[in-house]
Amino acid sequence: MFTITKVFPDGLLGKVAWLYSSFTAGIVESIFFIGLPWLLYRNIRDHPSRIAFTILASLVFALAHWEQGPHAVVGAAFYNIVACFWFFYFGTLWPIVAGHVLVDLVAFS
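Residues numbered from 1 in each chain as written. Predicted model: local features only at pLDDT ≥ 70, side-chain atom pairs only at ≥ 80, totals over all residues. Heavy atoms only, no water.

1. Section: the overall build of the protein
Counting its secondary structure elements, the protein contains four helices and zero strands. When the helices and strands of the protein are listed from N to C terminus, the series reads α-α-α-α. Overall, the protein is about 55 × 25 × 20 Å in size when its C-alpha atoms are taken along their principal axes. Burial statistics for the protein: of 109 residues in total, 33% are counted as buried. About 7100 Å² of surface is accessible on the protein, with carbon and sulfur atoms providing 74% of the total. Seen as two clouds, the 5 positive and the 5 negative side-chain charges of the protein have centres 8 Å apart. (Helix = DSSP H or I, 4+ residues; strand = E, 2+ residues; numbered from the N terminus. Buried < 20%, exposed > 50% of the residue type's maximum accessible area, 1.4 Å probe, protein only. Areas by Shrake-Rupley, 256 points an atom, 1.4 Å probe, with all protein chains shown as cover. Lys, Arg positive; Asp, Glu negative; His and termini not counted. Charge placed at Lys NZ, Arg CZ, Asp CG, Glu CD.)

Here it is in structure tokens:
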């Protein structure tokens with residue numbers, strides 16, 4: 001089973017890698033697994049379904065975390081369901097990015 005923390009170096013450089021990985025994963029994954037897919041889905045459908053989008057996006061997000069084991073796949077799916085809900089509630093990705101960064105800071109520590 002792969003974990004990103006196994007590739008972090010020791011010492012100060014490891015802390016920098018930990019912070020960088022947490023922030024970039026939060027930003028990039030929020031954009032590529034919620035933001036951009038929603039823009040595409042919303043523009044190709046006459047009546048876009050937020051529920052259908054949430055299920056599909058959560059499935060794809062969960063499968064993207066398969067290398068971390070079945071517990072991470074289930075956790076990623078539930079996380080993305082909640083993230084999509086908050087994205088639709090707030091209308092912006094920034095709270096999702098912040099939440100994802102916090103989750104990754106804990107997960108990578």
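This is not the end of the story, as more comes after the structure.
2. What about the packing of helix 2 (residues 50-63) against helix 3 (residues 70-90)?
Where helix 2 contacts helix 3, the axes come no closer than 8 Å and their chain directions differ by 145°. Between helix 2 and helix 3 lies a crossing of right-handed hand. Residue-level contacts link R50, F53, T54, A57, S58, F61 and A62 of helix 2 to V73, A76, A77, Y79, N80, I81, C84 and F88 of helix 3. Per-class residue counts for the contact of helix 2 with helix 3 are eleven nonpolar, three polar and one charged. (Axes fitted to C-alpha atoms, helices over the stretch in contact; angles between N-to-C directions. Left-handed = near helix turned anticlockwise from the far one by under 90°. Contact = heavy atoms within 4.5 Å. Nonpolar A, V, L, I, M, F, W, Y, C, P; charged D, E, K, R; others polar.)

3. Topic: the nonpolar core
Ranked by size, the top nonpolar core spans 14 residues in total, and within it I34, F53 and F87 carry the most contacts. Of all the secondary structure elements, the ones that give two or more residues to this core are helix 1 (12-44), helix 2, helix 3 and helix 4 (94-107). Among all residues touching F53, those that are not within four sequence positions of it are I34, P37, W38, Y41, C84 and F88. (Core = buried A, V, L, I, M, F, W, Y, C linked by side-chain atoms within 4.5 Å.)

4. Side note on a nonpolar patch on the surface
A contiguous nonpolar surface patch, about 660 Å² in accessible area, is contributed by L19, F23, I27, V28, I31, F32, L36 and L39. Relative to the elements of secondary structure, L19 occurs in helix 1. What makes L19 partly exposed here is its relative accessible area of 38%. (Patch = residues over 30% accessible without salt bridge, like charges linked within 9 Å, V, L, I, M, F, W, Y side chains within 5 Å. Salt bridge = Lys/Arg side-chain N within 4 Å of Asp/Glu carboxyl O.)

5. Quick look at the side chain of S21
Note that S21 resides in helix 1. The buried category is assigned to S21, whose relative accessible area is 16%. Setting aside chain neighbours within four positions, we find S21 in contact with F8 and F108.

6. Some remarks on the packing of aromatic side chains
Counted under the stated rule, the structure contains 13 aromatic pairs. Taking the centre distance of 5.2 Å and the plane angle of 75° together, the rings of F33 and F61 count as edge-to-face. Taken together, the residues F33 in helix 1 and F61 in helix 2 connect sequence positions 28 residues apart. Residue F61 is classed as buried on the basis of its relative accessible area, which comes to 4%. A centroid spacing of 5.9 Å and a plane angle of 40° characterise the contact between W38 and Y41, whose relative ring orientation is tilted. (Phe/Tyr/Trp six-rings, centres within 6.5 Å; stacked < 30°, edge-to-face > 60°.)

7. Some points on the environment of G35
Within the secondary structure, G35 sits in helix 1. Owing to a relative accessible area of 10%, G35 belongs among the buried residues under this scheme. In contact with G35, other than residues within four places in its own chain, are S30 and L93.

None of this, on its own, says anything about what the molecule does.
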